[in-house]
Amino acid sequence: MSSQIPHAHERQAISLFQGEIVRRALIDSIKKLDPRVQIRNPVMFVVELSSLITTITWLIQAFGGKPLGGGSEPAWYTFLIAVWLWLTVIFANMAEAFAEGRGRAQADTLRAMRKETVATMRDGSTRAAAELSRGDVVVVAAGELIPGDGTVIEGIATVDESAITGESAPVIRESGGDRSAVTGGTRVTSDRILVEITQEPGQSFLERMISLVEGAERRKTPNEVALNILLAALTLIFMIVVVTLRPFGLFAGTSISETTLIALLVALIPTTIGALLSAIGIAGMDRLVRRNVLALSGRAVEASGDIDVLLLDKTGTITIGNRLASELVPMPGVAESELAEVAQLASLADETPEGRSIVVLAKQYGIREHDMGTLQAEFVPFTAQTRMSGVDIDGRRLRKGAGDAIVELVRGEGGSPPPELQVVLDRIGNEGGTPLAVARDSQVLGVVYLKDTVKEGMKARFDQLRAMGIRTVMVTGDNRLTAAKIAEEAGVDDFLAEATPERKLALIREHQEDGRLVAMTGDGTNDAPALAQADVGVAMNTGTQAAREAGNMVDLDSNPTKLIEIVEVGKQLLITRGALSTFSIANDVAKYFAILPAVFISTYAASPGGKGPLHVLNIMGLGTPRSAIISAIIFNAIVIPMLIPIALKGVGYRPIGASALLRRNLLIYGLGGIIAPFIGIKLIDLIVHNLLGG
Amino acid sequence: MTFAGWATIVLFAVILTALALPLGGYMAKVYSAQRVFLSPILAGPERLLYRVFRVDERQGQDWKAYAKSLLVFSLAGWLLLYLILRTQNAFFVPHGLNPLGYHSAPWNVTFNTVSSFVTNTNWQYYSGETTMSYFSQMLGLTVQNWLSASVAVAVAVALIRGIMGRSGKSLGNFWQDLVRTILYVLAPISVLGALVLVSQGVIQNFSTYLSAHTITGLSQTIAMGPVASQEVIKELGTNGGGFFNVNSAHPFENPTAFTNLFEMLLVLIIPAALVFTYGRMTGNRRQGYAIYSAMMALFLVAVVVAYVAEAHGSPAQHAAGLHTHAISGSGGGNMEGKEQRFGIAGSALFDVVTTVTSCGAVNSAIESFTGIGGAVPMANLSASETIFGGVGTGLYSILLYVLLAVFIGGLMVGRTPEWLGKKLEAREIKLAGLGILVTPLAALFATALATASHGGRASISELGKGPQGFSESFYAYLSQANNNGSAFAGYTGFVQPNAGNVGSHGVTFADLLGGGVMLFARFAPILFALAVAGALAGKRVTPAGLGTMRTDNPTFVVLLIAVIILVGALTFFPALLLGPVVQGLTGHLY
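None of these values were measured; they are calculated from a predicted model.

Visitor: Now, about the overall build of chain B: what can you tell me, with residues and values included?
Guide: Looking only at helices and strands, one finds 19 helices and six strands in chain B. A globule of 590 residues ought to have a C-alpha radius of gyration of about 25 Å, and chain B, at 23 Å, matches this closely. For chain B, the spread of C-alpha atoms along the principal axes amounts to about 75 × 60 × 45 Å. Across the 590 residues of chain B, 65% fall into the buried class. Once local pairs closer than 6 in sequence are excluded, the contacts in chain B between residues at least 24 apart make up 78%. Counting only carbon and sulfur atoms, one obtains 67% of the accessible surface of chain B, whose full area is about 20,100 Å². The distance from the centre of the 30 positive side-chain charges to the centre of the 23 negative ones in chain B is 15 Å.

Visitor: Now, about unusual backbone geometry: what can you tell me, with residues and values included?
Guide: Even without being a glycine, Tyr604(A) presents a positive backbone phi close to 55°. Looking at where Tyr604(A) falls in the secondary structure, it is placed in the loop between helix 22 (588-599) and helix 23 (625-649). You can call Tyr604(A) buried: its relative accessible area is 17%. Of note in the backbone geometry, Ser384(B) takes a positive phi value of approximately 50° without being a glycine.

Visitor: Tell me about the interface of chain A and chain B, and please be specific about residues and values.
Guide: Counting residues at the interface gives 64 residues for chain A, matched by 57 residues for chain B. Both faces combined, the contact of chain A with chain B buries some 5,200 Å², and carbon together with sulfur accounts for 78% of it. Area buried by chain A at its contact with chain B is led by Phe248(A), Phe251(A) and Leu662(A), which between them contribute 16% of it. Connecting chain A to chain B are two salt bridges. The closest approach of N and O atoms between Arg415(B) and Asp308(A), which form a salt bridge, is 2.9 Å. Going through the elements one at a time, helix 7 (222-251), helix 16 (458-467), helix 21 (562-586), helix 22 and helix 24 (658-692) of chain A are the ones with two or more residues in the side of chain A that touches chain B.

Visitor: With reference to specific residues and values, describe a nonpolar patch on the surface.
Guide: Residue and element names in this part refer to chain A. Judged by side-chain polarity, Leu 667, Ile 668, Leu 671, Ile 675, Ile 679, Leu 683, Leu 686, Ile 687 and Leu 691 come together as a nonpolar surface patch covering roughly 890 Å² of accessible area. Within the secondary structure layout, Leu 686 lies in helix 24. Given a relative accessible area of 41%, Leu 686 falls into the partly exposed group.

Visitor: Can you lay out the packing of helix 15 (residues 426-452) of chain B against helix 19 (residues 554-585) of chain B for me, pointing to particular residues and giving the numbers?
Guide: Residues and elements named next belong to chain B. Packing of helix 15 against helix 19 brings their axes to within 11 Å, and their N-to-C directions diverge by 5°. In terms of orientation, helix 15 and helix 19 fall into the roughly parallel class. Residues Ile 436, Pro 440, Ala 443 and Leu 444 of helix 15 form the contact with helix 19, whose participating residues are Val 567, Thr 571, Phe 572 and Ala 575. A class-by-class count of the residues in the contact of helix 15 with helix 19 yields seven nonpolar, one polar and no charged.

Visitor: Mind laying out the sheet that holds strand 8 (residues 187-188) of chain A, listing which residues take part and the relevant values?
Guide: Taken in spatial order, the three strands of this open sheet run 6-5-8 (chain A), and their pairing is antiparallel. This sheet does not close on itself; its edge strands, each paired only once, are strand 6 (171-174) and strand 8 of chain A.

Visitor: Kindly report on the sheet that holds strand 11 (residues 309-313) of chain A, identifying the contributing residues and their values.
Guide: Across a sheet, paired strands are connected by hydrogen bonds in the backbone, their directions being either parallel or antiparallel. Residue and element names in this part refer to chain A. Read from one edge to the other, the open sheet built from seven strands follows the order 10-22-21-20-11-18-19, with strand pairing classed as mixed. With one partner strand each, in any of the chains shown, strand 10 (293-295) and strand 19 (494-496) form the two edges of the open sheet. Pairwise comparison of adjacent strand axes, ignoring direction, gives a mean angle of 20° for this sheet. Pairing geometry for strand 18 (residues 471-475) and strand 19, over three bridges, is parallel. Across the sheet, the residue bridging to Met 474 is Phe 495, located in strand 19. Running over the sheet, helix 9 (residues 271-290) touches strand 10 and strand 22 (553-555) and is turned about 145° from strand 10.

Visitor: Kindly report on the pattern of salt bridges, identifying the contributing residues and their values.
Guide: All names here are of chain A. Evaluated as defined, the whole model comprises 37 salt bridges over all chains. Across the salt bridge formed by Glu 565 and Arg 291, the nearest N and O atoms sit 3.4 Å from each other. A residue pair is termed long-range when its members are at least 10 positions apart, and Glu 565 in helix 21 and Arg 291 in the loop between helix 9 and strand 10 qualify at 274 residues. On the accessibility criterion, Glu 565 (12% relative accessible area) is buried. For Glu 302, the salt bridge identified is with Arg 577, shortest N-O distance 3.0 Å. In this pair, Glu 302 sits in helix 10 (residues 298-304) while Arg 577 sits in helix 21, placing the two residues 275 residues apart along the sequence. No difference in accessibility class separates Glu 302 from Arg 577, as the two residues are buried.

Visitor: Pulling in residues and values, what's your account of helix 11 (residues 336-347) of chain A?
Guide: Given 3.6 residues per turn, any residue in an α-helix points the same way as the ones three and four places further on. Taking 1.5 Å as the rise per residue, helix 11 of chain A with 12 residues should run 16 Å; its terminal C-alpha atoms sit 16 Å apart, in good agreement. Taken as a whole, helix 11 of chain A has its buried residues at Leu339(A), Ala340(A), Val342(A), Ala343(A), Gln344(A), Leu345(A), Ala346(A) and Ser347(A).

Visitor: Before we move on, could you go through the pairing of strand 9 (residues 192-197) of chain A and cite the residues and values that matter?
Guide: Looking along a regular strand, one sees the side chains alternate between the two faces of the sheet. Residues and elements named next belong to chain A. Bridge analysis of strand 3 (residues 137-141) against strand 9 gives five bridges, and the strand direction is antiparallel. Across the sheet, Val 139 pairs through a bridge with Leu 194, a residue of strand 9. Where strand 4 (residues 150-154) and strand 9 come together, four bridges link them in antiparallel fashion. In the sheet register, Val 152 faces strand 9, and the bridge partner there is Val 195.

Visitor: Describe in detail empty space enclosed by the protein, supporting the description with residues and values.
Guide: Residues and elements named next belong to chain B. In this structure the tally under the stated criterion is eight cavities of 30 Å³ or more. Here the largest cavity defines a volume of roughly 140 Å³. Lining the largest cavity are 16 residues; nearest its centre among them are Ser 384, Ser 397, Gly 435, Thr 439 and Pro 525. Looking at the lining of the largest cavity, the elements with two or more residues in it are helix 14 (393-412), helix 15 and helix 18 (508-537). Sort the elements by how many residues they give to the lining of the largest cavity and helix 14 lands first, with five residues.

Visitor: Tell me about the nonpolar core, residues and numbers included.
Guide: For soluble globular proteins, the rule of thumb is that nonpolar side chains tend to be buried together. Counting 330 residues, the largest nonpolar core has Phe12(B), Leu16(B), Tyr184(B), Ile270(B), Phe299(B), Phe388(B) and Trp419(B) as its most contacted members. The contact partners of Leu16(B), leaving out residues within four places of it in the chain, are Leu265(B), Leu268(B), Ile269(B), Ala272(B), Tyr292(B), Met296(B) and Phe388(B). Core analysis: the next-biggest nonpolar cluster, separate from the first, contains 39 residues, Val424(A), Leu436(A), Leu445(A) and Tyr449(A) among them.

Cut-offs used in this document
- Residues numbered from 1 in each chain as written.
- Chains lettered and ligands numbered in written order.
- Predicted model: local features only at pLDDT ≥ 70, side-chain atom pairs only at ≥ 80, totals over all residues.
- Heavy atoms only, no water.
- Helix = DSSP H or I, 4+ residues; strand = E, 2+ residues; numbered from the N terminus.
- Rg over C-alpha atoms; globule rule 2.2 N^0.38 Å.
- Buried < 20%, exposed > 50% of the residue type's maximum accessible area, 1.4 Å probe, protein only.
- Contact = heavy atoms within 4.5 Å.
- Areas by Shrake-Rupley, 256 points an atom, 1.4 Å probe, with all protein chains shown as cover.
- Lys, Arg positive; Asp, Glu negative; His and termini not counted.
- Charge placed at Lys NZ, Arg CZ, Asp CG, Glu CD.
- Buried area = accessible area lost by both parts, 1.4 Å probe.
- Salt bridge = Lys/Arg side-chain N within 4 Å of Asp/Glu carboxyl O.
- Patch = residues over 30% accessible without salt bridge, like charges linked within 9 Å, V, L, I, M, F, W, Y side chains within 5 Å.
- Axes fitted to C-alpha atoms, helices over the stretch in contact; angles between N-to-C directions.
- Parallel < 35°, antiparallel > 145°, perpendicular 65-115°, else oblique.
- Nonpolar A, V, L, I, M, F, W, Y, C, P; charged D, E, K, R; others polar.
- Pairing = 2+ DSSP bridges.
- Expected span 1.5 Å × (residues − 1).
- 1 Å grid on protein atoms, 1.4 Å probe; cavity = no way out; pocket = protein on both sides within 12 Å on 5 of 7 lines; lining within 4 Å.
- Points joined across faces, edges and corners; volume = space filled by probe spheres on them.
- Core = buried A, V, L, I, M, F, W, Y, C linked by side-chain atoms within 4.5 Å.

Interpretation note: all reported values are geometric properties and have no functional meaning in isolation.
Structure (structure tokens):
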């Protein structure tokens, strides 16, 4: 038996160029010119100030005055620089607005479901959903919307959660156990449940989700803060370079106009990454949302890129989770078909996956399925005391159950189990399987071999994780022997056998004390402490409310292998930041070669007005000094919208090892960042130079 | 260019590496307080020093305490040196220590000189043989040569401990690091080195100056003095302050081609060895090898450019029809301002050795280099002491750049950046960024002030208003900001009509600005480096995995080199254009 890993259900990516988003982004990018918004981003704030000063200079020139700070630049030149500086700021705002726009479109879909619902209280009275608070108990019947987040305390129902998960098949929610949490805004489709509300008004899961995807609660993550500081330091260095260039120029007899100095400053400071930095962060969250994962903080997304150890529950994640019958081992003197028939009869009323799998296996031995109703059989359910189940038919007792329990039963009936039984039981146990002995009255007929099956493709995934530098640890309640066998089969690096919530927590702490970052998934209330302790704790949406509150991410698909994708998104986010920073800084080389020869074209010229020695540095052969400077500024501005798609999509991550990845990105974004602007500025200059007419 | 020239360069690099490796290991032991072969001899004096100065050397200091000790010690040294220099002919100074009866230099020049020696810069507006008494030279300046070098080594060691620190905040004990540097590192090498120099003809005496009759019938004063003892520490401590004005071009300081090679080795030996010490102390020698490779690569590029440029001569020389080709009896090239006994290669190599470090000693006139050859020392200075750098300073400077490279590169492998397992966060980036910013900031601002003001222009000659004047001013402040001390000549801070300082006066603007720049660009980065050490010390260490960016492989070396070049080039490109590049591109003579 095998099954495919469920492919992550991915929400439709909202197109970047949907009319509504574009319109809103354009409006927002103008609104964001507000200096109070810009000051949060030191690089772009400098650009905005520069635009303002240049505009004032142009206005003064337009009214016949001399440009600020001397120089003899014509007014049209100042005007063009001013326009492109403003466009630089607007493009930066647009990048952020686009990123926010996609999230906002998703938020709108969510908001549409936040209809005014009326809650029916236990005593039959009604109350507006918005007035519910923690501890209230409401009754929700089929067809009604659940008024708020809560826990089912009575009853069982199917719930349509498609509104938040995008998954159309209804899910079962029942009191007790690990499937008790319900989300406000989802619809009960059958039965009736009592729900205890666990949220305070206005803080529902849905509302948190809306504000998250909208980016309203967005705070800078630690790494973003650090990068911002680096960018500010670079900005400071270039301000010093530009400020001191004026006296240096004067010493060489060259007066550099303030507009040109400002153009140089804006070209040098890392505007490209400065403009895209927040868009990259928002887009990272957005990419998670599209994979149906809600990160409750940007910090968690960043941390997921750093994960060193992944704790994975064996059941449901690595294995299919159900022990399935895979083999029948008859005792000496018993026909296989006889064993199959009895095993099947003993399992007919057993609705557990194990029981059903025995029925399916029996079919392969040619045993026709019996119908409980026509058999007149009496079902004996499994209990923790008897540790067996079965049926009584025609006064015969058919049982299947744990080996020792069956042995005891048979002995009690006066029979004696064959010596081969223990041999078979031990063999199966050693192989990591679970043996179920089958008996008819006082005779042991044989053993059903229940096997836990590893999902197909898991080994490849673990290899992939290993290549990313992540250790995988399988967590299971099985004994060591069983655990070791499955761990080997699945290809995980390590395992924790006979796991209890306490041991799980201790394991996480142990790894963290060694300095490793740990991620895990969980759904049960007893997972909550471990989820809270883990650096990245992904709670399954099907899990309990306690688990959902303890983790810092919620997977709406409740797919435990999603962690791998989460790690990839985290890494992509960081790589995108690093790559675009590198690109931005590497661009400066070409900008120097565009602007400095233009500025110093006639410095130390042999004859007044002639070309000085430094004009040979115009290696791009740009038309005129003015076209060169304008082209550099235009390049600097339009590279921002050109890189928006990369910022939003993220630079691809490949598990090829850190060194290879670094080499690759250094070549593309470092070397590429040096070369690209030489080509770009030259091309722009060809146009600008022709338009200006020399 | 000659085979012998290239051979010298290759031989030098090989010998340096061969000597630095064992010394690095030795120093790692010294700073881990392990026993070394000199312990039986030196442990006694070491304990005595602790007892005399009432130091509990086992008391660990956090970064603030460490910095406080360092600042107090440096301030005390500053005051003492100022006092010595200003009282060199006071009644209590024995005549034997000031046989020529030199007066003290004025306050402004003394301020500059004192700041210069306390900061390991050894920028010299004065000429030693006409300004300083033997007492000032030996007990004033030479003592600071020892102490300022030791202070910087202590900072480097403290930073390594911060990077390594597994628990707690201690960076070690400043006093212990200071004493151990002097006793176990500087002293043994100095004693040996001075003996080698004396054997080659470097003088060591307290004679009055000799008077010699030249063959042209004139008389010439030949300055004497305790040169060897100052010469050795001048190189070993990357101080660079010559006993004589012409520094290592003087035959009594640097008599032969052998001493030339020997002195260059003295300059680079500790900066090079400290890199290996870093590798040893971090428990991964490859970390040291990686940084060494980056440094050596940049160093060799600088040497090759300087050598080729000097051997080729300048466009102006070609335009004037001067011979720059090798002919019989001459290696050719630009020999202006160079000593025949060192030749082009010996001069170019020496120039690069002393400008990548903070040594600043010279054996040839840098201002007489070709445009491109002269751009090399400026480019070296633009690298802010990351190419070997000064004793101690070099290591802590490049480690700040490593931090920056790790941050950018670390992101590109998809993890929040970590350096030797420690996460780099806002605080470290802020401190390292500021630490890196200080030197360029000081150099550029001071040059801007100097070139834009009357006070500044007074220091350059009437002839040098063009790119040469700019180079002189820029170089002066770049050199002082890097605590280097070499000069592009021409830039004056002291006018001295007679030997002995009677009637001399300083140029207050140049003296104070330069002194201020030296102090700021020395102690601000030290504080930032110590603060980085403090920030890193207590951090949790993440074990390295496959996904961790390595800092000990060729890819990282390339990244580090790129970061150093990019930061240096982007900061200083405009200034370099207006000085040496203009000169290198034109046949016009300035």
